[in-house]
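If you want the building blocks of each chain, they are given just below.
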Amino acid sequence: MSEKGPAIKISALNKWYGDYHALKDIDLQVDHGERIVVCGPSGSGKSTLIRCVNSLEQHNSGQIVVDGILMKDEASINEIRSEVGMVFQQFNLFPHLTILQNLTLGPMKARNMSKADAEERAMRYLERVRIPDQAQKKPSELSGGQQQRVAIARSLCMEPKIMLFDEPTSALDPEMISEVLDVIVDLAEEGMTMICVTHEMGFARRAADRMIFMDHGEIIETGPPDAFFNAPKSQRCQLFLSQILQH
Amino acid sequence: MRPRIFLSFGALVLLAGCSSGSGTWGWYVIDPSTPKGMSNISFLLSGFGATILLSLIAAGLSMMLGLLVALPGMSGNRWIRLPSRIYIEFIRAIPLLPMLFWVFYGLPVVLKSIGINVSIDAFWGAVLTLAISDSAFTAEIYRSGIQSISKGQTEAAKTVGLNYRQTMRYVILPQAIKRILPPLANQFIYIVKMSAFASVIGMQELTRRANELVVTEYRPLEIYTLLIFEYLVLVLIISFFVRWLERKMGADESK
Ligand SMILES: Nc1ncnc2c1ncn2[C@@H]1O[C@H](COP(=O)(O)OP(=O)(O)OP(=O)(O)O)[C@@H](O)[C@H]1O
Ligand SMILES: [Mg+2]
């Protein structure tokens, strides 16, 4: 609620899956308007980290404060979720609803908005992701790139302060990646606070204020894109970047 | 497949009937060309209404009860899951007939002892028993249907602010219903067949009618044969409907 504190403050966060230590003592602060790109090898805990931010995963110890709200009970989790939008690798659109219904469901049911208002808002965001003419179709009738843009619009309809992206283009055919990234870049330029897990390094250079490299549940390296790409400090990060930039 | 079995069984019975002048068969009891036979037939058929009504109400209750049992059974919290698990295992283990006796003769006593004075007649005794005993199975049908919907759907619903109830109502159940309805309709066939047990507590349904006529006419073979046909027709109609439903759901799926 207070615009002064950080957008997200994570301290000494630990997450276990049974015996597996997935996040180890993570400290991370994200300021309002800051755009962060998280990368790292598969299984390093990137998804787990951002899923903890909106409590899709429950952490075992440490603190998460989102926009001044300390995550503790169900009420605080609901409050945090209302400020945080999320876009998934697999889109997760509601297949039985039309595109328009996908977008209006949250505003109407969770925010008690009237149908007319919700639809007007939905159309506004569909235009922003450049697919206003698909409103009456079902998700399965759209291309992957279009579906992911609908998923972004669906999140935006809740007017979140923070957006989380978990590999938003990994499930897409190569020719559709840029249409989705362009939409995310637009959002970044408008000053949306965001954490984006991605291996699209061109996008990271364009949109990120700060890079985070994770490995084995730890944040190994963090810094502005220029320094991060040109002079990575840790060996693991160097190795990872050399692998990923090869292709 | 089933209509063919039906026809060949019918042919067999008719054949047996025609070839026996010796008196092993006495179709006259249900010969529609005689007034006596006709009135016997209409007496037997008059059980249809009760069987159908009993089955429908029991199935409806079982569907509601099953959902109430299935939902907590999928909770992440094991203490919420536990009662539902116990209910299902417990109910599934009780044979229908003892449960029927317990509900009909025992439950009113239990209720009375806690100050609720209701008498349970044969109809509601049978409805309750069928519904409870079937609900363990409908609960499992709901569970597998709901769990077939990907976790991503629940997560997406959470991120757009829906609570548990809204997520179920607007996101999960509308998708799961396609997987749930056909097996649920199939389960209805079991209820119809099990409803025959209601005859033992005096419920005037198909089987009870047949029993009563057997007592007065002493022709069990013919009367029970007709009784079997009555159930057969009923079940065939339902399975025809189930087949239709499955096709319709399947067509929707591929759309
Ligand atoms: N629900 C779960 N149960 C058990 N282990 C899990 C679960 N989810 C993730 N893990 C484990 O935790 C570790 C981190 O997973 P996470 O999904 O956060 O990795 P990631 O960095 O997002 O990887 P990827 O690039 O493959 O998406 C992995 O080793 C994974 O096997
Ligand atoms: Mg991941």
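Here the structure is shown first, and the text comes after it.
Read on for an overview of the structure. (Residues numbered from 1 in each chain as written. Chains lettered and ligands numbered in written order. Predicted model: local features only at pLDDT ≥ 70, side-chain atom pairs only at ≥ 80, totals over all residues. Heavy atoms only, no water.)

Some details on unusual backbone geometry
Excluding glycine, most residues fall at negative phi; most peptide bonds, likewise, are trans. All names here are of chain A. Selection criterion: Secondary structure elements follow DSSP: runs of H or I no shorter than four residues count as helices, runs of E no shorter than two count as strands, and numbering proceeds from the N terminus. For every residue, the accessible area obtained with a 1.4 Å probe (protein chains only) is divided by the maximum for its type, and the residue is called buried under 20%, exposed over 50%, and partly exposed between those limits.
At Ser55, a residue that is not glycine, the phi angle is positive and equals roughly 65 degrees. Topologically, Ser55 is positioned in the loop between helix H1 (46–53) and strand E4 (61–66). On the basis of relative accessibility, which here comes to 2%, the residue Ser55 falls in the buried class. Unlike most non-glycine residues, Phe91 shows phi in positive territory, near 65 degrees. Relative to the helices and strands, Phe91 is located in the loop between strand E6 (84–87) and helix H3 (99–110). When its relative accessible area of 11% is taken as the criterion, Phe91 is described as buried.

Details of the interface of chain A and chain B
Note the threshold: The contact definition used throughout considers only heavy atoms, calling two residues in contact when any of these lie within 4.5 Å. Buried area: the accessible surface (1.4 Å probe) lost by two parts on joining, summed over both. For this document, the term salt bridge refers to a Lys or Arg side-chain nitrogen within 4 Å of an Asp or Glu carboxyl oxygen. Counted as a polar contact is a pair of N or O atoms within 3.5 Å, where, for protein atoms, one must be capable of donating a hydrogen and the other of accepting one, and residues adjacent in sequence contribute only when both atoms are in side chains. In the scheme used here, Gly and all other residues not listed as nonpolar or charged are polar, with Ala, Val, Leu, Ile, Met, Phe, Trp, Tyr, Cys and Pro taken as nonpolar and Asp, Glu, Lys and Arg as charged.
Counting from both sides, the interface comprises 19 residues of chain A and, opposite them, 17 residues of chain B. Buried surface at the junction of chain A and chain B, summed over both partners, amounts to about 1600 Å²; 62% is from carbon and sulfur atoms. B:Glu155 is the partner of A:Arg51 in a salt bridge, and the nearest nitrogen-oxygen pair spans 2.7 Å. For the pair chain A and chain B, the interface holds five residue pairs in polar contact (both at pLDDT 80 or more). For the side of chain A that touches chain B, the leading source of residues is H3(A), giving four residues. Tallied by class, residues from the side of chain A that touches chain B come to 10 nonpolar, five polar and four charged.

Considering helix H2 (residues 74–81) of chain A
Rules: By arc we mean the arc of the directions from the helix axis to the C-beta atoms, nothing more.
For H2(A), the complete set of buried residues consists of A:Ser76, A:Ile77, A:Ile80 and A:Arg81. Mapping the buried residues of H2(A) onto a view down its axis gives an arc of 135 degrees, with all of them on the same face. Exposed residues pointing more than 90 degrees away from the buried face of H2(A) are listed as A:Glu74 and A:Ala75. As for H2(A), its buried residues are in contact with H1, E4, strand E5 (69–70) and E6 of chain A together with helix H7 (151–159) of chain B.

Here's the deal with the sheet that holds strand E9 (residues 210–215) of chain A
Residues and elements named next belong to chain A. Rules: We treat two strands as partners when DSSP finds at least two bridges between them. Angles run from 0 to 180 degrees between N-to-C directions of axes, and those axes are lines fitted to C-alpha atoms, restricted for helices to the stretch in contact.
One open sheet holds the six strands; their spatial order is E6-E7-E8-E3-E9-E10, and the pairing between them is mixed. Lying at the two open borders of the sheet, with one neighbouring strand each, are E6 and strand E10 (218–223). Taken pair by pair, the neighbouring strands of this sheet meet at an average axis angle of 20 degrees, ignoring direction. As judged from the five bridges shared by strand E7 (residues 162–166) and strand E8 (residues 193–197), these two strands associate in the parallel manner.

Concerning the environment of B:Gly66
All names here are of chain B. Topologically, Gly66 is positioned in helix H3 (residues 48–73). The exposure class assigned to Gly66 is buried, which follows from its relative accessible area of 0%. Spatially, the C-alpha atoms of Gly66 and Ala210 are 32 Å apart, while their sequence positions differ by 144 residues.

What about the layout of surface pockets?
The condition that has to hold: Definitions used throughout: a 1 Å grid over protein atoms alone; a cavity as a set of points that fits a 1.4 Å probe which cannot get out; a pocket as an open set with protein on both sides within 12 Å along at least five of seven lines; a lining residue as one with an atom within 4 Å of a point. Grid points are joined across faces, edges and corners, and a volume is the space filled by probe spheres set on the points.
Approximately 1200 Å³ is the volume attributed to the largest pocket. What lines the largest pocket is a set of 33 residues, among which A:Arg81, B:Gly76, B:Thr154, B:Lys158 and B:Tyr164 lie closest to the centre.

Some thoughts on the packing of helix H5 (residues 96–113) of chain B against helix H6 (residues 122–147) of chain B
Residue and element names in this part refer to chain B. Worth spelling out the cut-off: Here the angle decides the label: under 35 degrees means roughly parallel, over 145 means roughly antiparallel, 65 to 115 means roughly perpendicular, and every other value means oblique. By definition, any crossing whose near helix is turned counterclockwise from its far helix by less than a right angle is left-handed, and any crossing with a clockwise turn is right-handed.
Contact geometry of H5 with H6 gives a least axis separation of 9 Å together with a crossing angle of 135 degrees. The orientation of H5 with respect to H6, classified from their angle, is oblique. Two packed elements cross with a definite hand, and for H5 against H6 that hand is right-handed. Two secondary-structure elements touch here, H5 through Leu96, Met99, Leu100, Val103, Phe104 and Leu107 and H6 through Ala122, Gly125, Ala126, Leu128, Thr129, Leu130, Ile132 and Ser133.

Take it as geometry only, folks, not as evidence of what the structure does.
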